[in-house]
Amino acid sequence: MPRRWVPAAYAASGVRAVRVALVGASGFYLFLYGFGSSVAATYALFSAVALAGLSRIPGTGPQRAATVLRLVPVCWLLVVVGTFLSVRTWSAVAGMLVIGFALTFAAVGGPRPAGAGPGLQLLYILPSFPPYDPDSLGLRLVGTTVGLALLVLAERYLFPEPATPSYRELAARAADTAARCARELAGPPHALSSSAARRAREDSAALRPLNVPEADRPAGPGVRDRALTHTGLAARALLGRLAVLAGPPGGAGEVLRGVGRLAERTAGDLRPRTATGSAPEPGSAPGSAPVPGSAPGSAPVPGSAPGSAPVPGSAPGSAPGPAPVPGSGSGSELGSGSGGAYEDLAAARARLAAAPARPAVPTVLRRDAAVLEVADVALTLATAAGLAVRGRAAADRVQPGRFWYARTPAPLLWWHRIQGHAGRRSVFFQNAVRIGLALAAARLVAGLDTLPHGFWAMLATLSLTRTTVGDTWSTIRVALAGTFAGALFTAVVLTLVGPHTAVYAVLLPVWMLFAFTVGPVKGVGWAQGLFTVLVAMVFAQLASATWKLAGVRMLDVLIGSLIGGVFGLLAWPRGAHNELGRAAAGLLRRAAEIVVATSAAVAAGGAGAAAASGRGYRSLRHALIMAESAFAQYQSEPARFGAAAPRPPGPDWQAALMAGHHTLWGSDRLTNPPEGAPPPAAPALGPEPAEGLSGLGDRVAGRMLLVSAHLDPGGDTPPVPAPLRDPAYRGFAAEPPGAPRRYYAAVSWLDSLMTDLERVTAPEGEAR
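Nothing here was measured: the structure is a model prediction, and the numbers come from that model.

### Description of the nonpolar core
Ranked by internal contacts, the top residues of the largest apolar core, which has 116 residues, are Leu238, Leu242, Val259 and Leu750. A per-element tally of this core places helix α13 (residues 362–390) first, with 16 residues. Discounting chain neighbours no more than four positions away, the residues touching Leu242 are Ala178, Cys181, Ala182, Leu185, Leu192, Leu256 and Val374.

### Comments concerning unusual backbone geometry
Leaving glycine aside, a negative phi is the common case for residues, and trans is the common case for peptide bonds. The omega angle of the peptide bond from Pro188 to Pro189 is 5 degrees, so this bond is cis rather than trans. Structurally, Pro189 is set in the loop between α7 (167–186) and α8 (194–206). Phi at Phe159 is positive, roughly 55 degrees, even though this residue is not glycine. Among the structural elements, Phe159 can be located in the loop between α6 (137–157) and α7. Judged by relative accessible area, Phe159 falls into the partly exposed class, the value being 39%.

### Some details on the confidence of the model for the protein
Averaged over every residue, the pLDDT of the protein is 79; residues scoring 70 or more account for 79%. Mean pLDDT values over the elements of the protein span from 33, in helix α11 (residues 331–334), up to 95, in α6. The low-confidence segment residues 275–337 (pLDDT under 50) makes 207 contacts with residues lying over four places distant or belonging to another chain.

### Looking at the environment of Trp415
Here Trp415 lies in helix α14 (residues 410–421). Distance from Trp415 to Pro221, taken between C-alpha atoms, is 9.0 Å for residues 194 residues apart in sequence.

### Some details on the pattern of salt bridges
Tallied over the entire structure, the rule returns 23 salt bridges. We note a salt bridge from Glu155 to Arg64, for which the minimum N-O separation is 2.9 Å. Pair noted here: Glu155 is in helix α6 and Arg64 is in helix α3 (residues 61–85), with a separation of 91 residues, a long-range link. Judged by its relative accessible area of 4%, Glu155 falls in the buried class.

Rules behind the numbers
- Residues numbered from 1 in each chain as written.
- Predicted model: local features only at pLDDT ≥ 70, side-chain atom pairs only at ≥ 80, totals over all residues.
- Heavy atoms only, no water.
- Core = buried A, V, L, I, M, F, W, Y, C linked by side-chain atoms within 4.5 Å.
- Buried < 20%, exposed > 50% of the residue type's maximum accessible area, 1.4 Å probe, protein only.
- Helix = DSSP H or I, 4+ residues; strand = E, 2+ residues; numbered from the N terminus.
- Contact = heavy atoms within 4.5 Å.
- pLDDT = per-residue confidence, 0-100.
- Salt bridge = Lys/Arg side-chain N within 4 Å of Asp/Glu carboxyl O.

And the structure:
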């Protein structure tokens with residue numbers, strides 16, 4: 001049947017079902033009827049069911065094939081350990097507790113290990129049950145290897161799927177669009193065309209993780225994934241800043257042209273090299289041409305302070321940043337052009353920041369402040385992109401404070417990720433504890449009561465336990481109803497067919513195709529019922545079976561689901577969404593404190609600004625790290641089995657992180673001198689500018705608190721005002737007499753924070 005006549009959900013699950021049925025049945029029949037080995041046949045079948053049916057590994061076919069290939073040694077280890085630990089019930093239970101916890105907690109590594117976890121659990125559960133037979137280990141490993149090899153081939157070559165743009169490509173498109181916008185703003189009529197503005201909105205929305213396939217989200221703990229995350233943040237920030245620039249640039253035109261050149265080179269660096277060493281033609285950003293260049297980020301970002309968190313945007317201060325370190329990455333790695341574009345923009349930005357405004361009118365000062373902020377974001381984008389492309393090879397000239405992970409060894413980055421989740425507030429930790437304890441309890445019950453086919457009980461515990469107690473019990477009710485219906489149907493089939501294994505051999509692949517097509521779409525009740533019939537057809541070919549096998553299956557599922565329900569009641573998390581809301585709300589509360597303190601410090605001037613910069617920074621950096629960890633956790637949380645619909649739209653969590661980054665960097669820029677420079681000696685602002693700036697800081701901080709309550713609401717939380725900006729309030733447009741450049745730099749910073757807050761709460765269709 002043509003796929004256009006089939007609903008999309010059934011078409012997707014049907015393709016997966018064909019792979020599972022073909023691989024599972026081929027390996028099963030090869031060993032059972034070809035070589036007469038029931039042990040190898042069982043492991044070949046369940047290897048395919050585990051990693052293609054039970055697991056939900058994200059990505060295209062080649063991506064999934066590569067993931068399965070990397071998991072082959074892990075699967076061997078699980079089979080070996082499970083085989084030898086099954087010698088005693090206590091050793092099997094202890095192994096189940098440790099392995100169950102470890103495989104579930106491995107989801108901290110990103111969407112792929114999170115999706116593969118349930119299947120790997122099954123490959124340990126299968127050999128951990130009696131009989132204890134280490135002599136059959138060779139057959140078990142052979143069956144597992146053949147099943148996985150067939151699965152890799154099927155994922156790689158059977159029903160190829162269209163490739164989706166990678167996150168690097170999406171960031172490159174955004175950089176191309178930013179280059180086009182900067183060129184339009186630098187030349188007459190000094191305004192964005194409607195097509196460029198529309199493209200900026202589209203490319204910014206495309207970088208939201210909600211719109212990115214799971215496999216392409218940079219949620220891993222490594223340098224490249226962390227840098228790619230900040231590349232996306234910086235690209236969205238740059239597009240947002242360019243979209244609100246207006247008016248002729250005057251002396252700032254040089255800076256905008258430098259932004260355009262650097263963004264264009266950054267886009268070329270983000271794209272893979274062709275055979276000639278150059279970037280391919282961008283297929284989506286009009287008016288941009290890739291220029292081969294070296295890795296951006298080889299010079300330090302101007303104005304960075306030791307110990308600051310990685311940030312995608314800032315507010316300009318009154319002092320120029322330090323001159324960039326000459327030289328960039330070696331030309332053999334990524335060319336030799338981006339280093340020059342980076343240094344040119346850094347120098348132009350420093351000249352504009354140091355030059356007195358002539359004429360010294362508010363419109364010029366306000367425009368220069370906004371352009372300087374655009375330049376800062378473009379420099380950060382180039383640095384983050386360089387780390388994302390070259391990894392630690394680009395870290396030699398990046399100051400470690402802002403991009404703290406650039407020089408950190410991979411084991412330490414993993415340790416940071418694991419340590420960040422080794423606590424009760426982590427959904428990954430809570431899930432791992434609950435699943436480990438539940439599986440250990442199920443193994444204990446199965447061992448003490450000699451439960452027939454006890455691994456079915458453990459499989460039920462694994463597949464039916466959910467992340468909240470309410471969801472767990474509702475799932476169990478539906479699953480038990482489906483299992484009961486499947487058991488009745490199984491009893492009828494076993495009674496009618498009897499010992500005629502040829503009938504089961506013919507029906508098995510057809511039923512596998514039906515079960516793995518319909519089950520994921522119709523839900524857990526259908527999945528459990530259809531799987532009950534499937535396992536009966538398998539075991540009826542391995543040994544003589546009667547209608548009593550259906551009763552055993554029902555009993556096992558009942559015991560396993562009850563165990564899962566009990567442990568879901570004793571220890572369940574709120575879910576990644578709510579944990580992220582809590583972390584993002586805490587981030588904005590810390591940011592609000594910094595906003596008030598920084599506004600007051602800039603108004604006071606003199607040494608007080610530098611002294612105030614250290615207050616609260618440590619807590620804000622910690623909140624930022626925790627929010628980023630929760631965001632990575634949210635991206636890695638696998639979709640529920642049978643849930644065809646994507647995650648519903650919600651707050652723009654990435655914009656909340658951007659607000660935290662902008663708060664930290666902007667405060668640092670406004671209150672700290674460049675590294676090696678003497679402390680600032682700026683006079684205090686006049687009474688009217690000081691009062692206006694303090695009022696703006698209080699207003700932005702208040703809006704941050706309102707948005708934080710929206711992200712982590714209580715029972716009586718007031719709704720976020722719509723819009724966050726009061727149209728009647730003119731504080732951001734005020735022009736106090738005698739206000740100096742640093743006043744407008746601070747106002748520009750506060751205005752950019754308001755833009756971030758608007759993006760956090762904007763509906764999906766109004767993404768900025």
